[in-house]
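Tertiary structure, described
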Amino acid sequence: MAGELQRARQAFQKRQQKNTQRNPGARLHGLDKNQSQSQDVLVLEETKKNKKKSETTKDFPKSWLVKALFKTFYVILLKSFLLKLVYDVLMFLNPQLLKLLISFANDRDIYLWTGYLYSIFFFAVALIQSVCLQYYFKLCFMLGMKVRTTIMASVYKKVKNMKYKDNRLKIMNEVLSGIKILKYFAWEPSFQNQVHDLRKKELRNLLTFGQLQSVMIFLLYLTPVLVSVITFSVYVLVDSNNILDAEKAFTSITLFNILRFPMSMLPMIVSAMLQASVSVERLEKYLGGDDLDTSAIRHDCSFDKAVQFSEASFTWDHDLEVTIQDVNLDIMPGQLVAVVGTVGSGKSSLMSAMLGEMENVHGHITVKGTVAYVPQQSWIQNGTIKDNILFGSELDEKKYQQVLEACALLPDLEVLPGGDLAEIGEKGINLSGGQKHRISLARATYQNSDIYILDDPLSAVDAHVGKHIFNKVLGPNGLLKGKTRLLVTHSIHFLPQVDEIVVLGNGTILEKGSYSTLLAKKGLFAKNLKTFIKQTGPKDEATVNEDSEEDDYGLMPSVEEIPEDVASLSMKRENSFHRTFSRSSRSSSRRLKSLKDLKTRNVNILKEEEEPVKGQKLIKKEFIQTGKVKFSIYLKYLQAIGWCSIFFIIFGFVLYSVSFIGSNLWLSAWTRDSKTFNSTNYPASQRDLRVGVYGALGLAQGIFVLIANLWSVYGSVHAANILHKQLLNNILRVPMSFFDTTPIGRIVNRFAGDISTVDDTLPTSLRSWVLCFLGITSTLVMICLATPVFVVVIIPLGIIYVSVQIFYVATSRQLRRLDSVTRSPIYSHFSETVSGLSVIRAFEHQERFLKHNEMATDTNQKCVFSWITSNRWLAVRLELIGNLIVFFSSLMMVIYRDTLSGDTVGFVLSNALSITQTLNWLVRMTSEIETNIVAVERINEYINVENEAPWVTDKRPPEGWPSKGEIRFSNYQVRYRPELDLVLKGITCDIKSTEKIGVVGRTGAGKSSLTNSLFRILEAAGGQITIDGVDIASIGLHDLREKLTIIPQDPILFSGSLRMNLDPFNNYSDEEIWKALELAHLKSFVDGLQAGLSYEVTEGGDNLSIGQRQLLCLARALLQKSKILIMDEATAAVDLETDHLIQTTIQTEFSHCTTITIAHRLHTIMDSDKVMVLDNGKIVEYGSPEELLKNTGPFYFMAQEAGIENTNCTAF
């Protein structure tokens, strides 16, 4: 397969040289198995799209995947082909044997032993058929499994992020990722409607497809019936001498019945082929796409410099402009180099270029030795803290403890339940931004590498922690001294201690040299430093002096930058966020949320007798149901379809069965005519009656199937709609703690996999089951009508059949559950890998991750293999029972030959022959329904998750509330989850109208819990909060949340227009929105965009820089104009210039509001009216900054650490 890939790729490269024009449209769509729409509907849409797209050229190697798979597995294919051939040939023996048996029954002169011989032949042929068929199935399933593994391994090896995802899931993903924002702003209804609208379109497609399918099934059911009607009619009408006798009729019927199965499979095969072709095309496009070209990064162990950039120019994509231009830079071994520049100057891109994550335009980079990398957006795996730091290396206890201490993680480990064995959720969901960064830094520090690339590791940590980390890890006396370190930073006060400073602007190097050289040069760097010092206060020495901690974010604005328009510059390049991904997976890590439930690893490191600490396990293990699915679940589904519909569906299918039995009995009577009349005196009227009634009964069969099928399509779409509605409505109303303990992938899986099952698979299985059940019943009824003695045989066979079925279904159901649970880790590992690609590649851990992926796949394969084998076990036993029915019925025919006529023999045996396949199918369907109803069970589980308080209650707050904005906490206590300790332990304070309050405290002191309590994201465990005299616990959540405004810590945006992100309910006019943008210093930026307010924001706001996103959140707050504003470290991701602008805007625009600011950087709150110092969930100090600086309390020491001595020292 590798060879084939190689050839295909060469062919592709040749073609690419011809077509130098790249086609941006040929980006990859990833098709995942659990597409929530009917796959067939997708295929229909895909074909429509392809027609539109046919003008654009698609450029990738085509049709090599099937060839490659064929070459790999042709032996299995050949074997299975031969087995199927034998089976099919033997199928045509049955009608011949039947013919012989009928003539035996009609002719009393034939010896009895010939009859017995025929019966044995019947049985023998059936047995050989069974063995061939089952062996063939086993080979096919095994082949399917191997192909799946091969493709999964290849795709993982080539991990790039697949772009295609159905819109509804994309929105669901975003809604779940940004659920906190939706709750803060009370925006759930807007997004609920968006999802409902998409779902409506989806269901409309589903309905159309179902109707088409029903018509196809109708035609296919009619075909065998019409064939027999036409054949018999033509036969008797062509020549009056032709009289239909049992031999001819039933032999023909058996032959026509052979047609039935392939015909009914035809629509399934057509849709499967369409799906496969779409999937193959996508896989070929993906696997045949370019790999990341790292040839421009040269590794040379004997080189004299650590890193050398030679005329290096790099871009994120050949379609985009160059991001790094003609950089020449030498870095000597052991140097500490700081890279500085404004937002959007290309600092992160420079790092990414070194790591080989960008596309080379010209020039090259030479690197000597191994590399460790700390990305700007820290990447944390789901596992323990220890696993994250060791990152696959051996544990060296002494070194490990040193790293923990140096990265300031020891205090965090004391707070976290379970210390370094505490489990971290998906993407580090249960850690603060600072903790994630420090773990990411610890991971790099623990690896013994030669070169350390550190992309702004100090931005998310408090000032004193930043100082600690610089001294203990990065600085001249840190753990990494003697190593080559490239440090992207905004923190001016560390610059005097670095060996060289590189100033970047617009992707080129503007200046470089040591701190003193650059100051002496009086160039750009010195100029910007001066303005900064002027702003920061008179004590210029303090700023430069290493002991004083000024602002944690001093960032040099470049000369040409105009403060009013900080934002538009950064739009010029793909934002720094892009850096985290390889060229073609440039989309946020959120993009490929695991598509199946994420199962989390158990922390088995704990010794058996040690119980995990309370709260150490964050993610609850996914609940695997065992045993039979409860009957109430079936009832729930049937109820969703509607009892009236169910009655008519079953009634339709029963009428179909009745007409089927009727037509068989009629045919039997018709063949009896050949005994009554001979060819000369057969009356025409009798002949026409026989033909007419037989035809009418045949037509009736088709019509009843059509009616029942159409009705069931409507019923199942109705059920799918109801279940999705209930699921969505409930998920949007569950408390935040649910999202903290449930991986998003697991919730998305309910909306993807499980809803998809309810959409397509379950209705089909139910329909097939009803048809099979009625088919078998009618066959047995007919056999018993003809030969009542047959009941004696049916009863013992029935008992065996039912016991086999019960035994099998239980096993199969559990194996399927295991399959889906073992598949989860594959998906979660895959999505984790995608989001951490640059880190994995930088540390060169690709092999370890491939191994892990292979192990997870193997575990899943074990379950799949067991399931396949159990299927074959069942089929062999069932076919045996079917074969015995044929054998015994033929035996009865021989034994009772004297009392039976040929027509009865033909009638009984032609039906008995058709029963084997149906029996097999019935059990398969029973098991399918059992398996698929689990989807309803899982959806139901989330429909019944407990809700938070109602959005609106009978008690509405007074009109215009809150008019003053007075907040009072009375002995307020709160905890995150019932099993955890209190995080706020009796807070009591009064905040007066329009007061400005700053809240400070170390990580984990309870600062964010305070905002969460105001919004009732967390409900009180004791005490109360009143706003303007109204107890917030007494009103509806939306009434409360709509009246508060927050500028959150993580600036989360949703895909959609800029306008939608600011005002999803269209409550404001365009003028108001432009005004808000102007005040947020984004007006000129948005003006400069072609689409203006309609500019499409991509998922997670990826096409805006983090600073711009933060400013949009400010604009959101400015629009809401509420009386109370809460800012949660709102300026963490912007440079100093922008920070200053934001502070000014807030002071003027929100002067009439009560403002609560949660700050990491003290200078942002030095002009507050009061400062609240939190520690361990209690208020330890509360008063004006001046008062607090006079007492030597916690605030005084914090201020001292940050180099602030009086309130106007850092006031802007």
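These figures come from a predicted structure and were not determined experimentally. Going along each chain's sequence as written, the residues are numbered from 1 onward. Local features are withheld for residues below a pLDDT of 70 in this predicted model, meaning they are given only at 70 or higher, and side-chain atom pairs are given and counted only at 80 or more; totals for whole chains, interfaces and linings count all residues. To get the side-chain values, take all heavy atoms of the structure and skip hydrogens and water.

Glancing now at the overall build of the protein chain. The secondary structure listing takes helices from DSSP runs of H or I that are at least 4 residues long and strands from runs of E that are at least 2 residues long, numbered from the N terminus. When its secondary structure is counted, the protein chain shows 37 helices and 24 strands. A contact between two residues is defined here by any heavy atoms of the two lying within 4.5 Å. Partitioning the contacts of the protein chain with sequence separation of at least 6, the portion at a separation of at least 24 is 82%. For the protein chain, the exposed surface amounts to about 48700 Å²; the carbon and sulfur share of it is 60%. Method for areas: the Shrake-Rupley scheme with a 1.4 Å probe, in which residue coverage is limited to the protein chains shown.

What follows deals with the environment of Leu1141. Inspection of the secondary structure assignment puts Leu1141 in helix H35 (residues 1136-1149). In sequence terms Leu1141 and Leu1079 are 62 residues apart; their C-alpha atoms lie 9.3 Å from each other.

The next subject is the packing of helix H20 (residues 631-641) against helix H28 (residues 902-943). One way to put it is that H20 packs onto H28 with a least axis distance of 9 Å and a crossing angle of 85 degrees. On the basis of their axis angle, the class for H20 and H28 is roughly perpendicular. In this structure, H20 contributes Ile633, Tyr634, Lys636 and Tyr637 to the contact, and H28 contributes Ile929, Glu930, Ile933, Val936, Glu937, Asn940 and Ile943. Just so you know the grouping, Ala, Val, Leu, Ile, Met, Phe, Trp, Tyr, Cys and Pro go in nonpolar, Asp, Glu, Lys and Arg go in charged, and all remaining residues, Gly too, go in polar. Of the residues belonging to the contact of H20 with H28, the class tally is seven nonpolar, one polar and three charged. To get an axis, fit a line to the C-alpha atoms, keeping to the stretch in contact for a helix; angles then go from 0 to 180 degrees between the N-to-C directions. For classification, angles of less than 35 degrees are called roughly parallel, those exceeding 145 degrees roughly antiparallel, those between 65 and 115 degrees roughly perpendicular, and all remaining angles oblique.

Once that is clear, we can look at the confidence of the model for the protein chain. For the protein chain, the average pLDDT comes to 79, and 84% of its residues sit at 70 or higher. Predicted confidence for residues 18-57 stays below pLDDT 50, and this span has 82 contacts to residues more than four positions away or in other chains. Residue-level confidence of the predictor is summarised by pLDDT, bounded by 0 at the bottom and 100 at the top. Within the model, the stretch residues 161-165 combines pLDDT values under 50 with 32 contacts to residues more than four positions away or in other chains.

Below, the discussion takes up the sheet that holds strand E12 (residues 508-513). DSSP bridges decide pairing: two strands pair if at least two such bridges lie between them. Here we have six strands laid out as an open sheet, ordered E6-E9-E10-E4-E11-E12, and mixed in their pairing. With one partner strand each, in any of the chains shown, strand E6 (371-374) and E12 form the two edges of the open sheet. Averaged over neighbouring strand pairs, the angle between their axes works out to 15 degrees when direction is ignored. Direction of pairing for strand E4 (residues 336-340) relative to strand E10 (residues 484-488): parallel, over a ladder of four bridges.

On to the packing of aromatic side chains. Centres within 6.5 Å are what make two rings of Phe, Tyr or Trp a pair, Trp counting through its six-membered ring; a difference in plane orientation under 30 degrees is then read as stacked, over 60 as edge-to-face, and the rest as tilted. Applying the stated criterion to the full structure yields 29 aromatic pairs. Ring geometry for Phe232 versus Phe256: centroids 6.4 Å apart, planes at 50 degrees, classification tilted. Residue Phe232 is found in helix H8 (residues 188-238), and its partner Phe256 is found in helix H9 (residues 246-287); the two are separated by 24 residues along the sequence. In this pair, the class of Phe232 matches that of Phe256, namely buried. Seen from their ring centres, Phe232 and Tyr694 are 6.0 Å apart, and the 45 degrees between their planes marks the pair as tilted. One end of the pair, Phe232, is in helix H8; the other, Tyr694, is in helix H22 (residues 684-731), with 462 residues separating them in the sequence. Type-normalised accessible area, obtained with a 1.4 Å probe on protein chains alone, sets the label of each residue: buried when under 20%, exposed when over 50%, and partly exposed for intermediate values.

The next thing to look at is a nonpolar patch on the surface. Like-charged residues are merged into a patch within 9 Å and nonpolar side chains (Val, Leu, Ile, Met, Phe, Trp, Tyr) within 5 Å, provided each residue has over 30% relative accessible area and no salt bridge. For this analysis, a salt bridge means a side-chain nitrogen from Lys or Arg found within 4 Å of a carboxyl oxygen belonging to Asp or Glu. A contiguous nonpolar surface patch, about 650 Å² in accessible area, is contributed by Phe647, Phe648, Phe651, Leu699, Ile703, Ile707 and Trp711. Elements that contribute at least two residues to the nonpolar patch include exactly helix H21 (643-676) and H22. When residues of the nonpolar patch are assigned to their parent elements, the largest contribution, four residues, is made by H22. With respect to the helices, strands and loops of the structure, Trp711 is situated in helix H22.

As a further point, take the packing of helix H4 (residues 93-106) against H28. Two numbers describe how H4 lies on H28: the axes approach to 8 Å, and their chain directions differ by 155 degrees. Relative to H28, H4 is oriented roughly antiparallel. When the axes of H4 and H28 are compared, the crossing they make is right-handed. On H28, the residues that touch Asn94, Leu98, Leu101, Ile102, Ala105 and Asn106 of H4 are Gly902, Val905, Gly906, Leu909, Ser910 and Leu913. Split into classes, the residues belonging to the contact of H4 with H28 amount to seven nonpolar, five polar and no charged. Throughout, a crossing is termed right-handed when the near helix is turned clockwise from the far one, and left-handed when it is turned anticlockwise from it by less than a right angle.

As a further point, take the nonpolar core. If you look at the biggest cluster of nonpolar residues, it comprises 109 residues, and the most contacted ones within it are Phe309, Phe314, Ile365, Ile389, Leu474 and Ile501. Residue contributions to this core peak at nine residues, all from helix H5 (residues 112-157). Not counting the four nearest positions on each side in its chain, Ile501 is found in contact with Ala338, Val340, Leu495, Glu511, Lys512, Gly513, Tyr515, Leu518 and Phe525. Within this scheme, the nonpolar core is defined by two criteria: the residues are buried Ala, Val, Leu, Ile, Met, Phe, Trp, Tyr or Cys, and they are joined through side-chain atoms within 4.5 Å. One finds Val175, Ile181, Leu182 and Leu1037 within the second-largest nonpolar core, a separate group that totals 89 residues.

A separate point is the pattern of salt bridges. A full pass over the atoms with the stated rule returns 22 salt bridges. Asp819 is the partner of Arg823 in a salt bridge, and the nearest nitrogen-oxygen pair spans 2.6 Å. Taken as a pair, Arg823 and Asp819 lie in helix H25 (residues 791-835) at a separation of four residues, close to a single helical turn. An identical accessibility class is assigned to Arg823 and Asp819; each is buried. Asp1070 is the salt-bridge partner of Arg1059, the closest N and O atoms lying 3.1 Å from each other. Taken as a pair, Arg1059 in helix H31 (residues 1058-1062) and Asp1070 in helix H32 (residues 1070-1079) lie far apart in primary sequence, 11 residues in all. Note on Arg1059: relative accessible area 18%, which makes it buried. Note on Asp1070: relative accessible area 37%, which makes it partly exposed. One network of salt bridges, with partners in common, ties together Lys183, Glu948 and Arg1041.

Because the α-helix completes a turn every 3.6 residues, residues three or four places apart line up on one side. Where H32 is concerned, the buried positions are Ile1073, Ala1076, Leu1077 and Leu1079. Projected onto a plane normal to the axis of H32, the buried residues spread over an arc of 165 degrees and lie on a single side. Backbone geometry just after H32 places His1081 at a positive phi near 60 degrees. Here, the arc refers to the directions that run from the helix axis to the C-beta atoms.

Right, let's talk about the sheet that holds strand E18 (residues 1044-1047) for a bit. The strand order E18-E21-E22-E15-E23-E24 describes an open sheet built from six strands, whose pairing is mixed. Of all strands in the sheet, those bounded by a partner on one side alone are E18 and strand E24 (1178-1183). Across the sheet, the axes of successive neighbouring strands diverge by a mean angle of 20 degrees, strand direction being ignored. Examined bridge by bridge, strand E23 (residues 1170-1175) and E24 share five bridges and lie antiparallel to one another. For Val1173, the partnering residue across the bridge sits in E24 and is Glu1181. Running at roughly 165 degrees to E18, helix H34 (residues 1106-1120) makes contact with E18 and strand E21 (1124-1128) of the sheet.

In a regular helix each residue adds 1.5 Å, so 15 residues correspond to 21 Å; H34 covers 22 Å between its end C-alpha atoms and thus fits that length. Burial analysis of H34 places 14 of its 15 residues in the buried class, the great majority of the element. Once H34 ends, the next one or two residues include Lys1121, with phi positive near 45 degrees. Expected helix span is taken as 1.5 Å per residue step, with the number of steps being one fewer than the number of residues.

This part takes up unusual backbone geometry. In this structure, the amide linkage connecting Trp961 to the following residue, Pro962, adopts the cis form with an omega of -10 degrees. The residue Pro962 is located in the loop between H28 and strand E13 (967-975) in this model. With a phi close to 50 degrees, Asp1028 is a non-glycine residue in the positive phi region. Counting through the fold element by element, Asp1028 comes out in the loop between strand E16 (1020-1027) and strand E17 (1030-1031).

Inspection of the secondary structure puts Asp858 in helix H27 (residues 846-895). It is 9.5 Å that separates the C-alpha atoms of Asp858 and Thr822, two residues lying 36 residues apart in sequence.

The pairing of strand E11 (residues 500-505) with E12 spans five bridges and is classified as antiparallel. Of the residues in E12, the one forming a bridge with Gly505 is Thr508. Remark: two residues form the turn of the hairpin made by E11 and E12, two consecutive strands paired antiparallel; Asn506 in that turn has positive phi of roughly 50 degrees.

What follows covers the pairing of E23. Of the pairings in the sheet, the one linking strand E15 (residues 996-1000) to E23 comprises four bridges and is parallel in character. Within E23, the residue paired with Ile997 across the bridge is Lys1170. The antiparallel pairing of E23 with E24 creates a hairpin that spans two residues between the two strands, and Asn1176 there sits at a positive phi of about 55 degrees.

Within the element layout of this structure, Gln134 appears in helix H5. Whenever two N or O atoms come within 3.5 Å, that pair is a polar contact, provided that in protein one can donate a hydrogen and the other can accept it, and provided that, for residues adjacent in sequence, both atoms are side-chain atoms. At 3.0 Å, the side chain of Gln134 and the side chain of Arg872 are in polar contact.

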